[in-house]
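Structure assessment
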Amino acid sequence: MAKKAIAPARTIAGTVEFPGDKSISHRYAILAALATGPSEIRNYSSAADCRSTLDCLRRLGVEAELRGNVARIRGVGLAGLKASRRTLDAGNSGTSMRLLAGVLAGQAFSSKLSGDSSLRCRPMRRVFEPLLRMGAEIHAREGEFAPFEIRGGALKAIEYEMPVASAQVKSAILLAGLYAPGWTTVREPVRTRDHLELALREFGAEIRRAEGSVGVQGGARLEGRGLEVPGDLSAAVFFLGAALILPGSSLLLHDVGLNPTRTAVLDLLISMGAPLHLASVRMRDGELVGDLAVRHAPLTGGVISGEAVALMIDELPMLAALGPYTEQGIEIRNAQELRVKESDRIAALAEGLRRMGAQVEEFADGLRVAGRAAGKLRGATLDPRGDHRIAMALAVAALGAEGPSVLRDAGCVGVSFPEFFPALERVLER
Ligand code: S3P
């Protein structure tokens, strides 16, 4: 899909289903591969990123098939992976690359990893640092970028204090920790998403958690099993955004993941005046899931900074794009991490929102998007810079603008949510 025309909409109403959570799908696939025996993962994410993980696992000798949204994986056990002659291609997926680096650090053979042009520019030293300390050998382009070659073997357990809050780095260390005798412990500055910890328990590993840290015992015997992935809350947030932009809207977001390390965005929206209601909340395979109802209401807006940033890192594009529809606007600070995501998200948001006429001030660590008083957005030609979350955030902002917009390279939404546009069309009223 090259370009997509986006007509303004009046309202959005109905029930929406979401693809399986991207973060959880990667983790279930990797643990299923390292387990003994077969696993069946229902509602596996349709995201291109999660297909990249399955492709890499196949290259490492794992039988993995995806039919519809059911992934069936025949685990080879912790010691059963085989060297791939070809470079493992993580595509656009930072999670595939960083988590697999953790697994490959535990292998006595050498592997090469690469990805697309965006992924080849993203910082990898943060994951190399702890893996080198554990005993892996890594040769990377300029010491810090993909492509890189990684070889491991006799790893040693470490206690690692993470300088940046990153669930991907934490997960890479814990996965490598499966290959190191004793306890590998990670301390994190802010509690990041804990899907790997929960999944490790589901697959039978021993996990030790304390305030600010988590540890895994090496040599665990993981057992294959059946699991179901909750709907992706980070995808659902774009529909929440649309409902909060378009007056008269009312949506039911069905079966979404409500893991408390992911729901800070809901607390924030509620504090800004969003009427959100949870129903049918339950635990499934160690994860909290439920239905989320939202109605339109005017939002106050406000500032997002400090620890909140790490807790809603993937939701910041949508929150910034809500700015022009709020009373006070939205200001995001301490979010320099946004500059090293799939694109420089601060620059991409500032450019896209300004093109629609928003008043945006850009800072090194964030941006301030002026509220309603600065005027209504106008339709424009928008460039998401190949970044799925920028594409969806700008598309949603364009729904409330005056006049049609054109979104370039709209197919990039497939990285996390291939069904985004058809799902949106089903519930939009014009
Ligand atoms: C993810 C962690 C976050 C997030 C990314 C998915 C994960 O990245 O932005 O989309 O699945 O672990 P960081 O670990 O870089 O913060």
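Read on for a plain summary of the structure. (Residues numbered from 1 in each chain as written. Predicted model: local features only at pLDDT ≥ 70, side-chain atom pairs only at ≥ 80, totals over all residues. Heavy atoms only, no water.)

A few words on the sheet that holds strand β9 (residues 145-151). Taken in spatial order, the four strands line up as β6-β7-β9-β8 in an open sheet, and their pairing is mixed. Strands at the two margins of the open sheet, each flanked by one partner only, are β6 (88-89) and β8 (137-141). As paired elements, strand β7 (residues 110-114) and β9 share four bridges and run antiparallel to each other. Counterpart to Ser111 in the pairing with β9 is Ile150. Against the sheet, helix α4 (residues 125-134) contacts β8 and β9, and its axis sits at roughly 155° relative to β8. (Pairing = 2+ DSSP bridges. Helix = DSSP H or I, 4+ residues; strand = E, 2+ residues; numbered from the N terminus. Contact = heavy atoms within 4.5 Å. Axes fitted to C-alpha atoms, helices over the stretch in contact; angles between N-to-C directions.)

Moving on to the nonpolar core. Within the largest apolar cluster, 82 residues are counted, with the highest numbers of intra-cluster contacts made by Ile12, Phe239, Leu253, Leu269, Leu316 and Phe420. Sort the elements by how many residues they give to this core and helix α7 (residues 233-245) lands first, with eleven residues. Every residue in contact with Ile12, bar those within four places of it in the chain, is listed here: Phe239, Ala242, Ala243, Leu246, Ser249, Ser250, Leu251, Leu424, Val427 and Leu428. In terms of nonpolar packing, the next biggest core, distinct from the first, is built from 71 residues, Ala64, Ala90, Leu174 and Ile207 among them. (Core = buried A, V, L, I, M, F, W, Y, C linked by side-chain atoms within 4.5 Å. Buried < 20%, exposed > 50% of the residue type's maximum accessible area, 1.4 Å probe, protein only.)

Here we take up the site of the ligand. Neighbouring the ligand are 13 residues; Ser23, Arg27, Ser166, Asp314 and Lys341 lie closest to it. Contact distances for the ligand include 2.6 Å between an oxygen atom and a side-chain N or O atom of Ser23. Coverage of the ligand by the protein chains reaches 95% of its 380 Å² of free accessible surface. Residue assignment for the shell around the ligand shows that the elements contributing at least two residues are α1 (22-34), α3 (94-104) and α5 (167-177). Its residues placed into classes, the shell around the ligand shows three nonpolar, four polar and six charged. Mapping the shell around the ligand onto the domain boundaries places at least three of its residues in each of domain 1 (3-20 + 230-429) and domain 2 (22-228). (Near = heavy atom within 4 Å. Polar contact = N/O pair within 3.5 Å; in protein donor to acceptor, adjacent residues only side chain to side chain. Areas by Shrake-Rupley, 256 points an atom, 1.4 Å probe, with all protein chains shown as cover. Nonpolar A, V, L, I, M, F, W, Y, C, P; charged D, E, K, R; others polar. Domains from an automatic or database assignment.)

Attention now goes to the packing of α7 against helix α12 (residues 388-399). Two numbers describe a pair of packed helices, the interaxial angle and the distance between the axes. At a minimum axis distance of 9 Å, the contact between α7 and α12 shows a crossing angle of 15°. Of the possible angle classes, the one that applies to α7 and α12 is roughly parallel. Every pair of crossing elements has a handedness; the one defined by α7 and α12 is right-handed. Packed against α7, whose contacting residues are Ser234, Phe238, Gly241, Ala242 and Ile245, the element α12 presents Arg389, Met392, Ala393, Val396, Ala397 and Leu399 at the interface. Grouping the amino acids of the contact of α7 with α12 by side-chain chemistry returns eight nonpolar, two polar and one charged. (Parallel < 35°, antiparallel > 145°, perpendicular 65-115°, else oblique. Left-handed = near helix turned anticlockwise from the far one by under 90°.)

Our next topic: the side chain of His195. Note on placement: His195 falls in helix α6 (residues 195-202). Given a relative accessible area of 2%, His195 falls into the buried group. Separated by 3.5 Å, the side chains of His195 and Asn259 make a polar contact. Here His195 is in contact with Asp21, Ser23, Ile24, Arg27, Asn259, Arg262 and Glu287, once residues within four sequence places are set aside.

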